[in-house]
Amino acid sequence: MARASVLDTLRVATTALMPIVARGALLRRPSMVRAQEKADADRRLVRLLQRLRDTYGEDRLRLRVPGRSISLVLSREDVQHVLSDVVTYTPANVEKRHALAHFQPDGLLISDAADRPHRRTFTEAVLDTHSSVHALGDVFASKVDEEVTPTAGRLDWDDFAASWWRLVRRIVLGDSAADDSLLIERLKSLRANANWSYFHREEVEHREIFLRHVRSYVDRAEPGSLAARIAAQPAAADVHPESQVAHWLFAFDAAGMATFQALALLASHPSVPRDQDHLRASVLESVRLWPTTPLVLRDSAADGSTLLILAPFFHRDDQRLSYANAFEPEVWLDGRADHALIPFSDGPAVCPGRNLVLFIAAKTLSAMFLEHDFMLTSHPQLAADEPLPGTLNPLGLRFAVTARTVDEVPVG
Ligand code: HEM
């Protein structure tokens, strides 16, 4: 295995890892994301890793970190190899375990090899992982139509997030949770601690209050929600559904950002068709271009060494992908993206919410475009005929919204 020089190790730390940690891995820090958008941080990351690949080759590159074995994965084949084996390369990496334990101590992603299989089976059953349309798809689509009702004027992240969270709470917990913003505030505060992983003390009491709050909805099992699916799903005692739900609520934040980024892309590219397939592919483009999980970590079960997979490098590798820095939903429809890209990870620990997210996000976009047009006022560069920015701050996107006149409303 090649070994990076001390200088190159420092470059990886400062150019790739520190920006990802600084922007908040579990809860975005708005000022940091803003600063990194300005610095186009992820473009620098891609350039650095391309240079390292030129210098050292495509094999794993071991960084010079005293007392710990940490390597960069630099080839697509190796990414697939690592992600295909969750026993040899556990997703329950040490930093992730400490971070996620702040709000989901028994979450699937940080489960050990003994607990992982039945928690995964439970999760897949409730999220209906293998269906492109969830079993409750019709009910969820009606909830989208009720909650996503744009009005003419200005739209920013806070406006969008307010209706997005109402929608998420209704889908995950049931309609009675629609206005329960306290639950999300409690989660947010624990996620802020989680950004610090083991450097922040676990607030066990707050975590218990939050998990009890989640459990109250799980116990209610309101029809037409994921909570109802949980009630219908036999679960072993150590599945701890409230920990799993905590992850889903957390991950729906990323899904909201991905949807909002996709809205910006579509608003800037009016020629892209607005059918469900293209809307779904646009959400995939949104997380390809600006991945919400930029760093996928794995620890070797054999020796505890850590592997770093930096998604932006693979998604934006303009030495290998002709479409690296363009918005091209077609790559998700014609098979070009099949083996190269990992916005939802891959293998047995691939995101089990992928289909559900894509369905809800595409329905949301569809509801937005139904009777309104959106002009992106904050980021004119997205419409320009030049490479898309490496880093985008979704919280800074702003739109001018106009209602279409009756004659212009699409039929069907
Ligand atoms: C844009 C939205 C989302 C993206 C891009 C995304 C991406 C990912 C990625 C990259 C992983 C692997 C992480 C790792 O290995 O460290 C993952 C895992 C996971 N995601 Fe998502 N996710 C999204 C939303 C969701 C939602 C809404 C849910 C639930 C409703 C969900 C449920 C999960 C679960 C349970 C895991 C752990 C899987 C396992 O360990 O087997 N995700 N997701």
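Please refer to the structure higher up on the page.
Note that the structure is predicted; figures quoted are calculated from it, not measured. (Residues numbered from 1 in each chain as written. Predicted model: local features only at pLDDT ≥ 70, side-chain atom pairs only at ≥ 80, totals over all residues. Heavy atoms only, no water.)

**Here's the deal with the sheet that holds strand β7 (residues 306-310)**
At step 1: Pairing is mixed in the open sheet, where 6 strands are placed in the order β1-β2-β3-β7-β6-β4. Because the sheet does not close on itself, it has two edges, and the strands there are β1 (2-3) and β4 (89-90).
At step 2: Sitting on the sheet, helix α1 (residues 6-22) touches β3 (70-72), β6 (295-300) and β7, and the angle it makes with β7 is about 80 degrees. (Pairing = 2+ DSSP bridges. Helix = DSSP H or I, 4+ residues; strand = E, 2+ residues; numbered from the N terminus. Contact = heavy atoms within 4.5 Å. Axes fitted to C-alpha atoms, helices over the stretch in contact; angles between N-to-C directions.)

**Points about the side chain of Ser 378**
At step 1: Tracing the backbone shows Ser 378 in the loop between β8 (372-376) and β9 (398-403).
At step 2: The contact partners of Ser 378, leaving out residues within four places of it in the chain, are Gly 396, Leu 397 and Arg 398.

**As for the site of the ligand**
At step 1: Taken together, 25 residues lie near the ligand, and Lys 96, Arg 116, Arg 120, Arg 298 and Cys 351 sit nearest.
At step 2: A distance of 2.6 Å separates an oxygen atom of the ligand from a polar atom in the side chain of Arg 116.
At step 3: For the shell around the ligand, the elements supplying multiple residues, two or more each, are α6 (116-127), α12 (241-268) and β6.
At step 4: In terms of residue count, α12 provides more of the shell around the ligand than any other element does, 7 residues in total.
At step 5: Considered class by class, the residues forming the shell around the ligand number 16 nonpolar, 5 polar and 4 charged. (Near = heavy atom within 4 Å. Polar contact = N/O pair within 3.5 Å; in protein donor to acceptor, adjacent residues only side chain to side chain. Nonpolar A, V, L, I, M, F, W, Y, C, P; charged D, E, K, R; others polar.)

**Things to note about the pattern of salt bridges**
At step 1: Counted under the stated rule, the structure contains 28 salt bridges.
At step 2: The shortest N-O distance in the salt bridge between Asp 156 and Arg 154 comes to 3.6 Å.
At step 3: Given the relative accessible area of 57%, Arg 154 is considered exposed.
At step 4: Sharing partners across several salt bridges, the network here consists of Lys 143, Glu 146, Glu 147, Arg 166, Arg 170, Asp 175 and Asp 179. (Salt bridge = Lys/Arg side-chain N within 4 Å of Asp/Glu carboxyl O. Buried < 20%, exposed > 50% of the residue type's maximum accessible area, 1.4 Å probe, protein only.)

**Structural notes on the side chain of Arg 76**
At step 1: Take Arg 76: it is sitting in helix α4 (residues 76-83).
At step 2: For Arg 76, the residues in contact, after removing those within four places along its chain, are Phe 314, Asp 317, Leu 321 and Ala 340.

**Some words on the packing of aromatic side chains**
A ring pair, where both rings are aromatic, is described by two values, the distance of the centres and the angle of the planes.
At step 1: The final tally for this structure, using the stated rule, is 10 aromatic pairs.
At step 2: Taken together, Trp 157, Phe 160, Trp 164, Phe 252, Phe 260, Phe 369, Phe 374 and Phe 399 form an aromatic cluster joined through their ring pairs.
At step 3: Lying across the ring of Trp 196, Arg 29 places its NZ or CZ 5.1 Å from the centre.
At step 4: A cation over a ring is seen here: Arg 274 above Phe 369, with NZ or CZ 4.1 Å from the ring centre. (Phe/Tyr/Trp six-rings, centres within 6.5 Å; stacked < 30°, edge-to-face > 60°. Lys NZ or Arg CZ within 6 Å of the ring centre and 35° of its normal.)

**Considering a nonpolar patch on the surface**
At step 1: A grouping of Val 6, Leu 7 and Leu 10 is seen on the molecular surface, where their side chains present a nonpolar patch of about 290 Å² in accessible area.
At step 2: Among the secondary structure elements, Leu 7 is positioned in helix α1. (Patch = residues over 30% accessible without salt bridge, like charges linked within 9 Å, V, L, I, M, F, W, Y side chains within 5 Å. Areas by Shrake-Rupley, 256 points an atom, 1.4 Å probe, with all protein chains shown as cover.)

It is worth stressing that arrangement in space is one thing and function is another; only the former is reported here.
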